[in-house]
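Structural overview for review
What follows is the residue order along each chain.
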Amino acid sequence: MKRTIIITGGAGFIGSHVVRLFVNKYPEYRIINVDKLTYAGNLANLKDVENKPNYTFVKADICDFDTIYALMRNENVDGVIHLAAESHVDRSIKDPFTFARTNVMGTLSMLQAAKLYWESLPEKWDGKRFYHISTDEVYGALEMTRPEGIEPPFSTKASSGKHHLAYGELFFTEDLKYQPHSPYSASKASSDHFVRAFHDTYGMPTIVTNCSNNYGPYQFPEKLIPLFINNIRHRKPLPVYGKGENVRDWLYVEDHARAIDTTFHNGKVAETYNIGGFNEWRNIDIIKVLINTVDRLLGRREGEDMGLVTYVTDRAGHDLRYAIDSSKLQRELGWEPSLQFEEGIEKTVRWYLDNQEWMDNITSGEYEKYYDDMYKGR
Ligand code: NAD
Ligand code: TYD
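Residues numbered from 1 in each chain as written. Chains lettered and ligands numbered in written order. Predicted model: local features only at pLDDT ≥ 70, side-chain atom pairs only at ≥ 80, totals over all residues. Heavy atoms only, no water.

As for the site of ligand 1
This is how the line gets drawn: Here a residue is considered near a molecule or strand provided that any single heavy atom belonging to it is located within 4 Å of it. Under the rule applied, a polar contact is a pair of N or O atoms within 3.5 Å (in protein, one hydrogen donor and one hydrogen acceptor; residues adjacent in sequence only if both atoms are side-chain atoms). In these tables, accessible area is a Shrake-Rupley quantity obtained with a 1.4 Å probe, and a residue counts as shielded only by the protein chains included in the view. The secondary structure listing takes helices from DSSP runs of H or I that are at least 4 residues long and strands from runs of E that are at least 2 residues long, numbered from the N terminus. Polar here means any residue other than Ala, Val, Leu, Ile, Met, Phe, Trp, Tyr, Cys and Pro, which are nonpolar, and Asp, Glu, Lys and Arg, which are charged; Gly is therefore polar.
Of all residues adjacent to ligand 1, which total 28 residues, the nearest are Ile14, Asp35, Ser87, Tyr184 and Lys188. One nitrogen or oxygen atom from the side chain of Thr102 is found 3.3 Å from a nitrogen atom belonging to ligand 1. In the model, an oxygen atom of ligand 1 is placed 2.7 Å from a nitrogen or oxygen of the Tyr184 side chain. For ligand 1, the accessible surface in isolation is 830 Å², of which the surrounding protein chains cover 96%. When contributions to the shell around ligand 1 are tallied by element, the ones reaching two or more residues are helix H1 (13-25), strand E5 (129-135), helix H5 (183-202) and strand E7 (213-215). Tallied by class, residues from the shell around ligand 1 come to 13 nonpolar, 11 polar and four charged.

Written out as structure tokens, the structure is:
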């Protein structure tokens, strides 16, 4: 079947993996990557697919309704996979307006453009799909009822489907009420509500997925894993917020992209699916794994760089623990994570060390100022 799909935010971290997967796996589809190229958007993430005949890049702001609406009509778009967003919690604390603009108004602009175009067609919603990519952070934070946790390294096979609930009995399920704490998660929660409202009010065929923390190649080095790999390499301090005891569930980015493919094609309209790695880690434990791995791969003595760990002032409103139950997606659509964390981290560290030029291009110029501002006074 032929389809024309807009993927928004395709020049970002997760979006670039989704674009790559769709362009390579579905040569019969036309994939249009719509991205504003903010600081987080980088066309170098897509070098290997940029010349494929089924791929087009359009530089546009999702808030620019007229441009998006014209694109939908001119290109006969029948599917939207919406990833474009401001995505970093620390930035949202400094500048919440940008998050409300892109994440809320931008999503609304995408929804309204799709609605007006699809409603104008004789077949209306038939064969259409608006798929919104969201985060587990909308559910708020979980308690640590087992603060001592289970000693890492965790070798639970992620794909066994068993959540090892390392730090508490509770985890996020799809029916949980939204309780966002940061301006980032509040803006994502709001956008999720708009997507569901477009289904409930107009009958738009929407789907929402809420995923846990992703890691892997092409992630902007403001997020924990790429930032710390780069700092360890250059022997710069590693700013650990608070006591480093916050817990996140981590999923390899290509596993998320596969989940998006599965859900886009087989997910039930109006449903929400959680996506996660069954893989909870305290920040400090991940940081130790990163130090050991970078040291080993650079031929240093393992653990030689532990002294770079620098405890700094905690993030305001820092969510203590995220843990996600993605068994609905496993049960109903047959998706499961393919990589164990230890394997994924090794691949990831190797990728960043092998792609120093990619990192250098990003971390030159403006980035230095951002980095100084972000860590000043911590
Ligand atoms: P990212 O910050 O790496 O990329 C965002 C992309 O969106 C960039 O290419 C940027 O240029 C583009 N963009 C931003 N504002 C835009 C605008 N106004 N118009 C058009 N394009 C714009 O983000 P990411 O980490 O790849 O996250 C992608 C999506 O997945 C987001 O919606 C995020 O909320 C969600 N998500 C991320 C994670 C994670 O761990 N990174 C986890 C769950 C969900
Ligand atoms: P991050 O990668 O920003 O993702 P999120 O806030 O969306 O979970 O942060 C992951 C965890 O690492 C989070 O608990 C905050 C912490 N962190 C640090 O301790 N130091 C840092 O420099 C960064 C960027 C994050």
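Some words on helix H12 (residues 366-375)
Cut-off, in case you're wondering: When a residue's accessible area, from a 1.4 Å probe over protein chains only, is under 20% of the maximum for its type it is buried; when over 50% it is exposed; and in between it is partly exposed. Arc definition: directions from the helix axis to the C-beta atoms.
For H12, the set of buried residues is Tyr367, Tyr370, Tyr371, Met374 and Tyr375. Down the axis of H12, the sector holding all buried residues measures 110°, keeping them to one side. Along H12, the residues that are exposed and aim more than 90 degrees away from the buried face are Glu366 and Lys369.

With respect to the environment of Thr38
Along the chain, the position of Thr38 falls in the loop between strand E2 (29-35) and strand E3 (55-59). Along the sequence, Thr38 and Ala85 sit 47 residues apart, while their C-alpha atoms lie 9.8 Å from each other.

Comments concerning the nonpolar core
Soluble globular proteins tend to pack their nonpolar side chains together in the buried interior. Operational definition: To define a nonpolar core, start from buried Ala, Val, Leu, Ile, Met, Phe, Trp, Tyr and Cys residues and group those joined through side-chain atoms within 4.5 Å. It only takes one pair of heavy atoms within 4.5 Å for two residues to be counted as in contact.
Counting 69 residues, the largest nonpolar core has Ile7, Phe22, Ile81 and Leu290 as the members making the most contacts within it. Sequence-distant contacts of Ile7, that is, excluding residues within four places in its chain, are made with Val18, Val19, Phe22, Ile31, Ile32, Asn33, Val34, Ile81 and Leu83. Residues Ile6, Val77, Ala84 and Val195 belong to the second largest nonpolar core, which totals 25 residues.

A closer look at the site of ligand 2
Not every one of the 18 residues close to ligand 2 is listed here, only the nearest: Glu137, Pro239, Arg248, Arg315 and His318. Separating a nitrogen atom of ligand 2 from a backbone N or O atom of Pro239 is a distance of 2.7 Å. Relative to its free-state accessible area of 510 Å², ligand 2 is covered by the protein chains to the extent of 97%. A class-by-class count of the residues in the shell around ligand 2 yields eight nonpolar, five polar and five charged.

Brief notes about the sheet that holds strand E4 (residues 79-82)
Going by this rule: Strands are labelled as partners when DSSP assigns at least two bridges between them. Axis lines are fitted to C-alpha atoms, over the contacting stretch for helices. Their N-to-C directions set the angle, which ranges from 0 to 180 degrees.
Across the sheet, which stays open at both edges, the seven strands sit in the order E3-E2-E1-E4-E5-E6-E10 with parallel pairing between neighbours. This sheet does not close on itself; its edge strands, each paired only once, are E3 and strand E10 (272-275). The average angle at which neighbouring strand axes cross in this sheet is 20°, direction not considered. Here four bridges tie E4 to E5, and the two strands are oriented parallel to one another. Counterpart to Gly79 in the pairing with E5 is Arg129.

Topic: the packing of helix H6 (residues 224-233) against helix H10 (residues 341-354)
Put simply, the test is: Angles are sorted into four bins: roughly parallel if under 35 degrees, roughly antiparallel if over 145, roughly perpendicular if 65 to 115, and oblique for all others. Should the near helix be turned counterclockwise from the far one by less than a right angle, the crossing is left-handed, whereas a clockwise turn marks it as right-handed.
Look at H6 against H10: their axes get within 10 Å of each other, and the N-to-C directions meet at 55°. Accordingly, the angle class assigned to the pair H6 and H10 is oblique. With respect to the hand of their crossing, H6 and H10 are arranged in right-handed fashion. Residues Ile225, Pro226, Ile229 and Arg233 of H6 form the contact with H10, whose participating residues are Ile345, Thr348, Val349, Tyr352 and Leu353. Here the residues of the contact of H6 with H10 are counted per class, giving seven nonpolar, one polar and one charged.

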